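# Overview (structure and organization)
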Amino acid sequence: MIMHVITNFTASAGAETMLARLLHGATDERIVVVSLIGVSERNRRLADNPRVVYVSLGAASLTALPGAILRLARLIRKEQPDVILCWMYHAMVAGTLAAGMARHGAPVFWNVRQSLDDPASLTRSSRVAIAAAKLLSHRPTGIIYNSARALDLHRAYGYANRNAVVIPNGFDLPQLAAPEPRTARRIGIVGRFHPQKDHGTFFKAAARVVKTHPQAVFSAAGNGLVRDNPAVIELMTQAGLPAHAVDLRGEISDMPAFYQSIDLLVLSSRTEGFPNVIAEAMSFGKPIVTTDVGDAAAVAGKAGIAVPARDPQALADAMRAFLDLPEAEYARYARTARERIENEYAIAAVTTKYSEFLMGLNEGFAHNKLMQPCPTYGALR
């Protein structure tokens, strides 16, 4: 039996979505998912696996974490998992300490989902957890990183565990209709409203683009990206961007429809690990403009353009380059995007890598079927 420990399974970001994908195809008779904070109905639906048992510890602050660790230790003693896989920093710390207190002996693995390109963009709580995990980094049996840059930066920071592997995120491939000849016009961005995502730079770049390409249309999806959020409107005003220039969609459930509606996806983040939204958009045949953070440029490959972070002019120039492409050249980028996800990031290959790594380091886990490919494409965030 595998126990997943995750910081917050109410979130709709990349780590939570990847865990839900793995749970969806898992064939274990019993799987326990422990969230330090809570579990959302969205993630339950996305996992869609009746064999999964969810436990919420309700630790929404650092002061509540010690009590959550004690409850987690008791749960480990009760459930006797064969392996414990901890997702993200707070869960890595809590899971490692709880496993030690439980004295059960189950191997603990870490799953790092974040790069360290710009730690200042992270919350104070995250920075504290990153530092605490550094002190414990010699203890897990192995560490999974979702990007090569995350592995390199964490080792440079002082994460001591040498038994590490890079396993990228995996994706289901949607069925696509035959593409119609088109040029780029609608530009989308996906991500919660957070300093890490740097929507301010995106808005500044968009303001530059509309001056030279008034036909461009911008659409933004993500928690907090709504008209009644004064912080969003203030950033747009500071950028000199007209209020009507961006369709603020907020958090939406039908991400396939969103990706189908755009011609180009932009990522303006200051730091990332493996940005799901890039690969998701590419699976729909959408080219990419991204900041060169985490493994974003590596994922996009020849299907996109990477620019320095926090550089509105460079971001604007890259968007203009796609807006100016003739139909045939745009179609080439679209084909390259789809083919890259098919060849490099299909969910079947990625789940196999998870199984091989965990089984290779823990012989007692060899007879457990950790996960199988997800048979359907769900709503992605």
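This text gives an overview of the structure that appears in the document. (Residues numbered from 1 in each chain as written. Predicted model: local features only at pLDDT ≥ 70, side-chain atom pairs only at ≥ 80, totals over all residues. Heavy atoms only, no water.)

### Focus on the overall build of the protein chain
Along the backbone of the protein chain there are 14 helices and 13 strands. Relative to a compact globule of 381 residues, whose C-alpha radius of gyration would be 21 Å, the protein chain shows 21 Å and is just as compact. Expressed along its principal axes, the backbone C-alpha trace of the protein chain runs to roughly 65 × 40 × 35 Å. The burial tally for the protein chain puts 57% of its 381 residues in the buried class. Taking contacts inside the protein chain between residues at least 6 apart in sequence as the whole, the part at least 24 apart equals 71%. Summed over its atoms, the accessible surface of the protein chain is roughly 15200 Å², and 52% of this surface lies on carbon and sulfur atoms. Mean positive and mean negative side-chain charge positions of the protein chain (41 and 33 charges, respectively) differ by 6 Å. (Helix = DSSP H or I, 4+ residues; strand = E, 2+ residues; numbered from the N terminus. Rg over C-alpha atoms; globule rule 2.2 N^0.38 Å. Buried < 20%, exposed > 50% of the residue type's maximum accessible area, 1.4 Å probe, protein only. Contact = heavy atoms within 4.5 Å. Areas by Shrake-Rupley, 256 points an atom, 1.4 Å probe, with all protein chains shown as cover. Lys, Arg positive; Asp, Glu negative; His and termini not counted. Charge placed at Lys NZ, Arg CZ, Asp CG, Glu CD.)

### A closer look at the pattern of salt bridges
Here the structure, examined in full by the defined rule, presents eleven salt bridges. In this structure, Glu 272 engages Lys 197 in a salt bridge whose closest nitrogen and oxygen atoms are separated by 2.7 Å. Taken together, the residues span a long stretch of sequence, with Glu 272 in the loop between β11 (264–267) and α10 (276–283) and Lys 197 in the loop between β8 (186–190) and α7 (199–212) at a distance of 75 residues. Accessibility expressed as a relative area gives 13% for Lys 197, which makes it buried. Here Arg 338 and Glu 342 are joined by a salt bridge, their closest N and O atoms 2.9 Å apart. Placement of the pair is Arg 338 and Glu 342 together in helix α13 (residues 327–344), with a separation of four residues, close to one helical turn. Three or more residues are tied together by salt bridges with common partners; here these are Asp 118, Arg 270 and Arg 310. (Salt bridge = Lys/Arg side-chain N within 4 Å of Asp/Glu carboxyl O.)

### Comments concerning the nonpolar core
With 40 residues, the main nonpolar core has Met 3, Val 5, Ile 84 and Trp 110 as its most contacted residues. The greatest single-element share of this core, amounting to eight residues, is contributed by helix α4 (residues 89–102). Apart from residues no more than four positions distant in its own chain, Ile 84 is found in contact with Met 3, Val 5, Ile 76, Ala 99, Ala 106, Pro 107, Val 108 and Phe 109. Among the nonpolar cores identified, the runner-up in size contains 34 residues, and Ala 184, Ala 206, Val 209 and Val 232 belong to it. (Core = buried A, V, L, I, M, F, W, Y, C linked by side-chain atoms within 4.5 Å.)

### A word on unusual backbone geometry
Of note in the backbone geometry, Asp 48 takes a positive phi value of approximately 50° without being a glycine. Its place among the elements puts Asp 48 in the loop between α2 (41–47) and β3 (52–56). Among the residues examined, Asp 48 registers a relative accessible area of 51% and is labelled exposed. Phi at Gln 80 takes a positive value of approximately 55°, unusual for a residue other than glycine.

### Considering the pairing of strand β5 (residues 108–112)
Within β5, five of the five residues are buried, which leaves the element mostly enclosed by the surrounding structure. Neither face of β5 is open: one carries Val 108, Trp 110 and Val 112, the other Phe 109 and Asn 111, and all of them are buried. Pairing geometry for strand β4 (residues 83–87) and β5, over four bridges, is parallel. Counterpart to Leu 85 in the pairing with β5 is Phe 109. Viewed along the sheet, the connection from β4 through α4 into β5 turns out right-handed. (Pairing = 2+ DSSP bridges. Right-handed = clockwise from strand over helix to strand, strands pointing away.)

### Some remarks on the layout of surface pockets
Rolled over the atoms, a probe with the dimensions of a water molecule shows which regions are left empty. In this structure, the largest pocket spans a volume of roughly 1100 Å³. Lining the largest pocket are 44 residues, and of these Ala 11, Ala 13, Glu 16, Met 88 and Arg 192 sit closest to its centre. Of all the secondary-structure elements, those providing two or more residues to the lining of the largest pocket are α1 (14–25), α4, α5 (124–136) and α10. Split into classes, the residues belonging to the lining of the largest pocket amount to 19 nonpolar, 18 polar and seven charged. Empty space within the second largest pocket amounts to approximately 530 Å³. Along its surface, the second largest pocket is lined by 19 residues, and Leu 176, Ala 177, Pro 179, Arg 182 and Phe 284 are the ones closest to its centre. Across the lining of the second largest pocket, the residue classes break down as nine nonpolar, three polar and seven charged. (1 Å grid on protein atoms, 1.4 Å probe; cavity = no way out; pocket = protein on both sides within 12 Å on 5 of 7 lines; lining within 4 Å. Points joined across faces, edges and corners; volume = space filled by probe spheres on them. Nonpolar A, V, L, I, M, F, W, Y, C, P; charged D, E, K, R; others polar.)

### Regarding helix α8 (residues 230–239)
Among the residues making up α8, those that are buried are Val 232, Met 236 and Ala 239. Down the axis, α8 shows its buried residues gathered within 65° of arc, on one side only. Counted as exposed and oriented over 90 degrees from the buried face of α8: Pro 230, Thr 237 and Gln 238. Sitting at the head of α8, Asn 229 places a side-chain oxygen 3.1 Å from the backbone nitrogen of Ala 231. Looking one or two places after α8, you find Gly 240, whose phi comes out positive at around 75°. (Arc of directions from axis to C-beta. Polar contact = N/O pair within 3.5 Å; in protein donor to acceptor, adjacent residues only side chain to side chain.)

### Comments concerning the packing of aromatic side chains
According to the stated counting rule, one finds twelve aromatic pairs in the structure shown. A ring pair is formed by Trp 87 and Tyr 354, whose centres lie 6.4 Å apart and whose planes are at 15°; its orientation type is stacked. Within this pair, whereas Trp 87 is found in strand β4, its partner Tyr 354 is found in helix α14 (residues 347–361), the two being separated by 267 residues in sequence. You can call Trp 87 buried: its relative accessible area is 0%. By the ring-pair criterion, three or more aromatic residues cluster together here, those being Trp 110, Tyr 157 and Tyr 159. Stacked on the ring of Tyr 157, the Lys or Arg Lys 134 has its end atom at 4.8 Å from the ring centre. (Phe/Tyr/Trp six-rings, centres within 6.5 Å; stacked < 30°, edge-to-face > 60°. Lys NZ or Arg CZ within 6 Å of the ring centre and 35° of its normal.)

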